[in-house]
Amino acid sequence: MTPVNPPPPESTSPPPLPDAPRLPVAGLPEGVRIRALRAVYGDPRAAAELLPRLTERQAAGLDPLPTEPGDLAPALLRVHRREIRTLPDDTRLLLLLAAADQYPVPTHAFLRAVTAARLDTRPLAAAEAAGVAHTATGGVVFRDAWARVAAYETAEPADRRDAHRLLARVLSGAREAPSRSWHRGAGALGPSGRLAVELDAAAVQARAAGRPALARALVERAAALSPEPGEQARLLARAAADAWHCGEADRARRLTAATADDALTGILALRTGNAFEAFDALLRAAARQGYDGACAAGDAGGAAGGDSACAAGGDGGGATRGDGGGATGDEPAPAGPAARRRPRHTGDGPVPSTPPVGVPASSGGLSAASGGLSGSSGGSSAAAGASAVSVNGGSTAGGAATPSGGGPSAVGDTPQASSGDALAPSGGVLGPVGGVLGPAGGCEAGVAGVRGMVRDAGTGVRASAGRRRGADPADDARAGTRRATAGPSVSGSRLPADLPVRLLLVRATEAAVYTGDLRRCREAVQVAVRSGVGVPGVLAGITAAADGRYEVARDHLERAAGRRGPGIGREGGGRTDGGGDPTLLVHAGIAALMLGDHARAATATVRAVDSARVQGATATAAQAMEFRAYADFWTGRPRAAEAATAHALHQAYATGQDNGACHLQAALAMFAAITGDGDLCRERAAAARGYALAHGLGLPAALAQWALAFLDVVTGRFDTAATRLRALAGFGPGHGHRAVRHLATPHYVEAAVRTGDTRVARTAHADYHRWASAVRSADDLALSARCRALLTPGAGAVEHYRTALDLHAHGTRDFERARTEMLFGSALRRLRRRAEARDRLHGALAAFESFGAPHCADQARTELRALGTPASPARGLDDPTARLTAQQLLVARMAAEGATNREIAARLALSPRTIDHHLRGVFTRLGIRSRIELVRLLAEGGSPPG
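Colleague: Any chance you could break down the nonpolar core for me, citing the residues and the numbers?
Modeller: One recurring pattern in soluble globular proteins is that nonpolar side chains are buried together. L505, W706 and F848 are the most contacted members of the largest nonpolar core, which has 142 residues in total. It is helix α33 (residues 698-714) that contributes the most residues to this core, 13 residues altogether. Sequence-distant contacts of F848, defined by excluding residues within four places in its chain, comprise F815, A818, R819, M822, A853, C856 and A857. By size, the runner-up hydrophobic cluster in this structure holds 50 residues, among which are A47, F110, V132 and L166.

Colleague: Got a sec to walk through helix α26 (residues 550-561)? Specific residues and values, please.
Modeller: With 12 residues, α26 should cover 16 Å at 1.5 Å per step; its first-to-last C-alpha distance of 16 Å lies within 8% of that length. Where burial is concerned, most of α26 is hidden: 10 out of the 12 residues are buried. For α26, every residue scored as buried is listed here: Y550, A553, R554, D555, H556, L557, E558, R559, A560 and A561. Downstream of α26 by a residue or two, G562 has a phi angle that is positive, lying close to 75 degrees.

Colleague: Mind laying out the packing of helix α37 (residues 778-791) against helix α39 (residues 814-830), listing which residues take part and the relevant values?
Modeller: Running from amino to carboxyl end, α37 crosses α39 at an angle of 20 degrees, the nearest separation of the two axes being 11 Å. Classified by the angle their axes make, α37 and α39 are roughly parallel. Of the two elements, α37 crosses α39, and the hand of that crossing is left-handed. Facing L783, R786 and L790 of α37, the residues of α39 in contact are E816, R819, T820 and L823. Among the residues forming the contact of α37 with α39, the class breakdown is three nonpolar, one polar and three charged.

Colleague: Break down the packing of helix α35 (residues 738-755) against α37 for me, with residues and values.
Modeller: In the contact formed by α35 and α37, the axes pass within 9 Å of each other and the chain directions differ by 15 degrees. Viewed along their axes, α35 and α37 adopt a mutual orientation that is roughly parallel. Crossing angle aside, the handedness with which α35 passes α37 is left-handed. Of the residues in α37, those in contact with H742, T745, P746, H747, V749, E750 and V753 of α35 are D780, L783, R786, C787, L790 and L791.

Colleague: Quick rundown of the confidence of the model for the protein chain? Include the residues and the values.
Modeller: Summing up the model confidence of the protein chain, the mean pLDDT is 74 and the portion of residues at 70 or higher is 69%. pLDDT under 50 marks residues 1-12. Its contacts with residues more than four places away, or in other chains, come to 27 contacts. Confidence drops under a pLDDT of 50 for residues 564-578, and excluding neighbours within four residues, the segment shows 45 contacts in the predicted structure.

Colleague: Describe the side chain of T820, and please don't skip the residues or the numbers.
Modeller: Following the sequence through the fold, T820 ends up in helix α39. A polar atom in the side chain of T820 sits 3.0 Å from the side chain of H808. In this structure T820 touches R786, Y801, A804, L805 and H808, once residues within four positions along its chain are discounted.

Definitions and cut-offs
- Residues numbered from 1 in each chain as written.
- Predicted model: local features only at pLDDT ≥ 70, side-chain atom pairs only at ≥ 80, totals over all residues.
- Heavy atoms only, no water.
- Core = buried A, V, L, I, M, F, W, Y, C linked by side-chain atoms within 4.5 Å.
- Buried < 20%, exposed > 50% of the residue type's maximum accessible area, 1.4 Å probe, protein only.
- Helix = DSSP H or I, 4+ residues; strand = E, 2+ residues; numbered from the N terminus.
- Contact = heavy atoms within 4.5 Å.
- Expected span 1.5 Å × (residues − 1).
- Axes fitted to C-alpha atoms, helices over the stretch in contact; angles between N-to-C directions.
- Parallel < 35°, antiparallel > 145°, perpendicular 65-115°, else oblique.
- Left-handed = near helix turned anticlockwise from the far one by under 90°.
- Nonpolar A, V, L, I, M, F, W, Y, C, P; charged D, E, K, R; others polar.
- pLDDT = per-residue confidence, 0-100.
- Polar contact = N/O pair within 3.5 Å; in protein donor to acceptor, adjacent residues only side chain to side chain.

This is how it looks when you write it as structure tokens:
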């Protein structure tokens, strides 16, 4: 908004905070520092007050940070309240109305409310003179977030309610229904079941519009107004889901603690806790939900005179097929009443006939939890009541719909329809959230006439234009909620009850991917089969790959990645790549990465990031970047990818996804190994491994180990590299991950050949070649041919190298193609085929220079010198910035722009000590002593190549 009368600079400064403690950031984890700064709206004074007040567990990141303004910076808020109290009553009224319109989510109704109430806006001049706020074309702009909070909380509770009621009356558009309901709920005096239903229905609409921040506020207020404890728990679960969607991780964790639900706990643990514990919790929730769904289907079938899943199988092992087919289980189903009471499952213990304490007996709360929390990874479950979605050809607004029949066949024997994980997208704009609904501490009397002005003005405002004459909005809302929670329909019938189970199994698959122990996917498949649901494609593919059934794994993964033609690889008519659903797109990217199809992986993950941002699913955008980094890594764009990954790292920390941040730290270690920054590589790898080993994250631990091993390879420490890579190319928890073996095996073979110990390397290559042949990936086949060339002595290796280069021409791993050319040139040199060797080595050198891989370029120059050919010097030596690594150049540019070491550290999610180390390296490499000289050199040197 463009200010009409911007206040003078000297009056905009906030009041000083007496004796503000110094910011104690040295010993805090990066994630805690970044989340704390975000929680206080970026205000360093509030952060300086908050951080010393954190408990030991909060400071360590084990407990969520405070979320209410009064708990974040009470002293700063008191100062702002005193400032607001000095203003005239009329000014405070207008500021209250503006704050209520903006807090906790913007509703853009202030100007209409002022017009409808015929309020005089001239008193705002006093606020402008005091520097508290100023007028703009769109309304009132507060000096900072704390001034807005103080303007709201200084008013009496009755005045706040009246302000909300006035705002509700002027919000008349159909699209403004959620905002109208929010103000109606905020203006309520006490518990109201009718308002709770209306707010719940409004949250459905807000989610569908991609506004999870508003949906969270609506549902949390609905929980506060609901008179039924069971309904409160269900609503809090939905509020936790919405909070997680929009990146409010600490609020989501606090709300989850109040629900004691395995699904919610497991999904949050997946991104911020122990990955093994997350897998167990998600699998338990899936087993319970599958049991509930099977029994519910059985009860419905029994009432209709048909066979029920519980009565026929008793274990959820088979689903009633839409085509009249029988249930498919892995063993005969028991019969009799005992079978109906005790279904089989594959969790840690037997599932009782009634849900345990703390787990909702109905599927509604858990459905909301599992479906809504997919926004960390995607969106709200349509079956959980997120929205009433119409289905056209089986494709719902929330993603791919599962067909109404179809019990699963044995996994690995027949390809399952893949990515029908059916996650409804959800998103929104994250807004500041505070103690809106509670009483304002320290409110005083003395605002005579304010309450009356607002109430009297509001009585003359017409009701919403779209409302039926004489109808109660709560009745409409109640009916809408019943329609929404009834679940979407497919050709007039409800979606199958297995949707929440599939969502939980999708999350369990992610947990297995992060742990690296992919053998546990078998347990998830057993739960899927015994619950009578289709096995998600990525889960089926990973399970088959872990069992060595590579052709079967390929079929599943191709469907999940969307590599098949039209009409193939669909589930319920939905697109296997997830359409616009960010979570399904992430899973399509994972499947493509496992198949070696990095172009498709890049496309899927970039689309996932874009879709998540459009839908406001902030948490999912950071997760998609974790897997996008691989595609950028393979295709030889380390500098651009490093910058994008560093931004994603900050986003992961800001949204409370410390596990994702660990994954990104490992990716940055990989980029640093490529770009030759050994110090940064070791620092990133140490940070990633230290966190990963404490949280059961085998994947990032293995990636960090690979980065160190590659650094050893390019610097000639082949013994150390072979030792590191041998474990990564083998089997076992944390090391049997197919993606890690893609990385490790080719370089392990190279290191093993250099050390003369090729026995284990030959075994690793044989399995790698079998996988490459099964998936028919040109890049994997090229690397397999390169491994065979390395293992073949003498002239026999030449044809294998030629085969490898021919296959590279059809692939996307440009960096590995350059490595193959360099190794081929080295082999030709030893065979005294000097002319061809020279051509190969010059081509490899040019490629490494364009990628910004100095160590690899030095290896190519060494080979050229061994040929007696003068190697061209490194390009761009006349440009001083070409002497810097990518990370050093990034730090140097920020320093030249005037940023302090601490500010640079916060932006790059590094410690100030590390930034100091980088700057010393910059000064040494450039031969300068001050930042003034740095500014001059960067201005003269321009941008380096790459």
